[in-house]
Amino acid sequence: MHPDKLKIVVIGDSAVGKTSLRRRYMGEGFRGSYTATLGSEFSVKKIRETTITLFDLAGDPASKFLRSGYYAGTDGFIVVFDITNRKSFENLEGWFDEIRSNLGNGLKVFILGNKEDLRDMGNDRVEEDEAYEYANRKAKEFDASISFLTTSALTGYNVEVAFNKLIAEITMTEN
Ligand code: G3D
Ligand code: MG
């Protein structure tokens, strides 16, 4: 089935690469430098007959109340952390709490470990195994479809794959 429109919301800590991933997927290119997202930004893309609206929300704690207004009607969440920033991985817990009431009803989630291009730098990277395990645990906890992939908004690695897989999963189960 091909629904008319899909709403995808990208969340995660500040500076993990949410805006970069959205721009990369939407073909808007990668910019070396960004200003923090205020409130929300969005892009619209048409794939065949489906209009996809991608919201990218400010990740700072102070914007929590503002974000809550964007969650209704979401078909899929992209929850991003930065593999070089363990704190952003630990904070996934808080992000799942925030979207808890939206999960269910077949909602799809992809966790993305972004900045894969920096894997060889630093020494406290989040390993893929840990993130896979976390995704599986959350999938069981919420009885929801929760997947994991590593990405790089800088090189484009897996970006198209991740968004397209999420969209395919949503459209294959919606009717
Ligand atoms: P946010 O929307 O989650 O807050 P941004 O994050 O998209 O604004 O990105 C924050 C910073 O991380 C930006 O750098 C951006 O260029 C960088 N970044 C995003 N994705 C990647 C990636 O995959 N690899 C690398 N190496 N950097 C990335 P600045 O310098 O503007 O802070
Ligand atoms: Mg942003």
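In the block above lies the structure referred to throughout.
Residues numbered from 1 in each chain as written. Chains lettered and ligands numbered in written order. Predicted model: local features only at pLDDT ≥ 70, side-chain atom pairs only at ≥ 80, totals over all residues. Heavy atoms only, no water.

K.L.:
How should the sheet that holds strand 6 (residues 145–150) be read in this particular structure?
P.N.:
By definition, the strands of a sheet pair up through backbone hydrogen bonds, in either a parallel or an antiparallel sense. An order of 2-3-1-4-5-6 is seen for the six strands of this open sheet, with the pairing classed as mixed. The sheet is open, and its two edges are formed by strand 2 (40–47) and strand 6, each paired on a single side. Averaged over all pairs of adjacent strands, the angle between strand axes in this sheet comes to 20°, irrespective of strand direction. Across five bridges, strand 1 (residues 5–12) lies against strand 4 (residues 76–82) in parallel orientation. Each bridged residue has a counterpart across the sheet, and for Ile8 the counterpart in strand 4 is Gly76. Helix 4 (residues 92–99) contacts strand 1, strand 4, strand 5 (108–114) and strand 6 of the sheet and is inclined by roughly 160° relative to strand 4. Strands in contact with helix 6 (residues 159–173) are strand 1, strand 2, strand 3 (50–57), strand 4, strand 5 and strand 6; relative to strand 5, the strand with the most contacts, it is inclined by about 175°. (Pairing = 2+ DSSP bridges. Helix = DSSP H or I, 4+ residues; strand = E, 2+ residues; numbered from the N terminus. Axes fitted to C-alpha atoms, helices over the stretch in contact; angles between N-to-C directions. Contact = heavy atoms within 4.5 Å.)

K.L.:
Would you take a moment to explain the pattern of salt bridges for this structure?
P.N.:
As a working rule, side chains carrying opposite charge can pair if their charged atoms are close by. Applying the stated criterion to the full structure yields 13 salt bridges. For the salt bridge of Glu93 with Lys138, the shortest nitrogen-to-oxygen distance reads 3.0 Å. Residue Glu93 is found in helix 4, and its partner Lys138 is found in helix 5 (residues 128–142); the two are separated by 45 residues along the sequence. Given a relative accessible area of 35%, Glu93 falls into the partly exposed group. Judged by relative accessible area, which is 1%, Lys138 ranks as buried. When the shortest N-O distance is used, the salt bridge between Glu127 and Arg119 registers 3.7 Å. Judged by relative accessible area, which is 15%, Arg119 ranks as buried. Counted as one network, the salt bridges with shared partners bring together Glu93, Asp97, Arg100, Lys138 and Glu141. (Salt bridge = Lys/Arg side-chain N within 4 Å of Asp/Glu carboxyl O. Buried < 20%, exposed > 50% of the residue type's maximum accessible area, 1.4 Å probe, protein only.)

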